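# Survey of secondary and tertiary structure
Here are the chains, one letter per residue:
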Amino acid sequence: IYPEPQYDVSEEEEISKIHNFDSVNTSGYVLMKIQNNQSGVWTDTETVVNETFKRFIQNNTYLNLAGIWDSKWNTGSQQAGYYRVITYFRDPQGNILLNDNGSSITGYDVFYLDTEPPQWSSFGINNTKPKPGDWVKFFAYWTDNYNLSHWSFYWNCTEFGSWVEVASENFTSNPGWSNLSLQIPSFASGMYGYKFYAWDDFGNQNVTDTGTFWIPGDLQVDLILPPTIPGDGEANWTTGYLVGWNRTFRINVTVACEGGPCGHVNATLRYNGSSSEPDTPVPTSEDKPFYIMSGSNPAECGELQDGDSCNVSWLVNATGDLHSLWKMDVLFSSNLSESNQTNITSIYTGII
């Protein structure tokens, strides 16, 4: 019987066979095994076929091994690695039959079993707080123990929050990146999710965690300035608002959240303590040139959603030098929205 049989377990349409080229009939018993390569040594994993009845091969015909195999080996519980399917044609005592040239009537085919899905890292977005109309980049880095195939990207940045597939592409290398840039829709407001799926050449699939990004609202601010009160005429204070020296005055400010959630918001009353522009929070204990007599600084507005507003008021005592000129503003900060500040106003300390 010559040549030795050939096998291919991944292409069932190709016939694996023992071909009898001789002019006489032959017979034997079929043994089929799966072996795993462990550190260079082939070790039996499972005996798939061990026949106890004799197979006859007429002269100039062949024995179809694919039909005997009949897909009986389940790969679901196996580890990834190199395997081979090996077949022996034996006598009743279990000895391997020989060809005329003395070689064993046996054959095998080596294949790689991939049971491990792609692995991801470096997953994220280049802007976690974009605005409608902004372009943002989503990315994930993938590796596979054999070969990457393709990836898909899903997000729920839709009008009704439903998950949709936005893009799907083939990998060009292993390891490889799944990258794409998307424009935030005009209707977007609030928190949305995104994730990548990836497959290898054997169909193993993995998915990243669900990432999130926010489309925050804007903080619209309005500063209500101290009243302009005529003074003693000792100085020219027309460039600012006059407040009484060592007297109290009130500052009010309003913030409105528009276009989406604004998160946790607070307001800080500042003056130009160490530069030409407001940069120093006004203290809440007695100090110069100002200190707050009523109200905390920063003042808490709490969580603001789209359409919410907050009013903050401070009672401030002007303790600076007489006829001194200062600058003040209010800074609104948020854990979600971009910070915003009021216009800068000048405060002149005079005699009222």
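Below, the structure is looked at part by part. Only a predicted model underlies this, so the values are computations on that prediction, with no experimental measurement involved.

## Notes on the packing of aromatic side chains
Going through the model one piece at a time under the given rule, you end up with 28 aromatic pairs. On the basis of an interplanar angle of 70° and a centroid distance of 5.7 Å, the ring pair of Trp-151 and Phe-196 is categorised as edge-to-face. With Trp-151 in strand β10 (residues 148-155) and Phe-196 in strand β13 (residues 190-200), this pair connects stretches of sequence that are 45 residues apart. When the ring of Tyr-197 is compared with that of Trp-199, the centres are 6.2 Å apart and the planes differ by 20°; the resulting orientation is stacked. Taken as a pair, Tyr-197 and Trp-199 share a single burial class, namely buried. Among the aromatic residues, ring-to-ring pairing joins Trp-120, Phe-123, Phe-138, Trp-151, Phe-153, Trp-155, Tyr-192, Tyr-194, Phe-196 and Phe-213 into one connected group. Positioned above the aromatic ring of Tyr-62, the side-chain terminus of Lys-17 is 4.9 Å from the ring centre.

## Details of unusual backbone geometry
Negative phi is the rule for most residues except glycine; trans is the rule for most peptide bonds. The residue after Asn-174, namely Pro-175, is reached through a cis peptide bond having omega 0°. Looking at where Pro-175 falls in the secondary structure, it is placed in the loop between β11 (164-170) and β12 (176-183). At the junction of Asn-297 and Pro-298, the peptide bond is cis and its omega measures out at 10° in the coordinates. You can see Pro-298 is positioned in the loop between β21 (290-294) and β22 (299-304). Backbone geometry places Ser-39, a non-glycine residue, at a positive phi of 55°. You will see that Ser-122, though not glycine, has its phi angle at about 45°, which is positive.

## A closer look at the sheet that holds strand β18 (residues 248-258)
Reading across the sheet, the four strands line up as β16-β18-β23-β21 and stay open at both edges, with antiparallel pairing between neighbours. In this open sheet, the two strands that pair with only one neighbour each are β16 (218-224) and β21. Between one strand and the next, the sheet's axes are offset by a mean angle of 35°, whatever the strand orientation. For β18 and strand β23 (residues 309-318), the ladder comprises nine bridges, and the chain directions are antiparallel. Residue pairing across strands places Val-253 opposite Val-312, the latter belonging to β23.

## Quick notes on the pattern of salt bridges
As enumerated under the stated definition, the model contains five salt bridges in all. Ionic pairing is found between Lys-33 and Asp-44, a salt bridge with its closest N-O pair at 2.9 Å. On the criterion of sequence distance, the pair formed by Lys-33 in strand β2 (residues 26-38) and Asp-44 in strand β3 (residues 41-50) is long-range, its members being 11 residues apart. We classify Asp-44 as partly exposed; its relative accessible area is 42%. The partner of Lys-131 in a salt bridge is Asp-218, with the nearest N and O atoms 2.7 Å apart. On the criterion of sequence distance, the pair formed by Lys-131 in the loop between β8 (119-125) and β9 (135-143) and Asp-218 in strand β16 is long-range, its members being 87 residues apart. The exposure class assigned to Lys-131 is partly exposed, which follows from its relative accessible area of 24%. Looking at Asp-218, the relative accessible area reads 34%, which means it is partly exposed.

## Some words on the sheet that holds β9
With respect to topology, three strands assemble into an open sheet ordered β8-β9-β12, the strand pairing being antiparallel. Bordering the open sheet on either side are β8 and β12, each of which pairs with just one other strand. Across this sheet, the average inter-strand angle for adjacent strands is 15°, counted without regard to direction. Across five bridges, β8 lies against β9 in antiparallel orientation.

## Focus on the state of the cysteines
Throughout the structure, instances matching the rule amount to two disulfides. Shown here is the disulfide that connects Cys-257 with Cys-262, its sulfur atoms set 2.1 Å apart. For the disulfide bridge between Cys-257 and Cys-262, the dihedral angle about the S-S bond is near 95°, and by the sign convention the bridge is right-handed. With respect to class, Cys-257 is no different from Cys-262; both count as buried. With a sulfur-sulfur separation of 2.1 Å, Cys-301 is cross-linked through a disulfide to Cys-310. Judged by the sign of its S-S torsion, about -80°, the bond between Cys-301 and Cys-310 is left-handed. You'll find Cys-301 and Cys-310 in the same group, each marked buried. Free cysteine Cys-157: the closest other cysteine sulfur is in Cys-262, separated by 17 Å. We classify Cys-157 as buried; its relative accessible area is 3%.

Criteria and thresholds
Residues numbered from 1 in each chain as written. Predicted model: local features only at pLDDT ≥ 70, side-chain atom pairs only at ≥ 80, totals over all residues. Heavy atoms only, no water. Phe/Tyr/Trp six-rings, centres within 6.5 Å; stacked < 30°, edge-to-face > 60°. Helix = DSSP H or I, 4+ residues; strand = E, 2+ residues; numbered from the N terminus. Buried < 20%, exposed > 50% of the residue type's maximum accessible area, 1.4 Å probe, protein only. Lys NZ or Arg CZ within 6 Å of the ring centre and 35° of its normal. Pairing = 2+ DSSP bridges. Axes fitted to C-alpha atoms, helices over the stretch in contact; angles between N-to-C directions. Salt bridge = Lys/Arg side-chain N within 4 Å of Asp/Glu carboxyl O. Disulfide = S-S within 2.5 Å.

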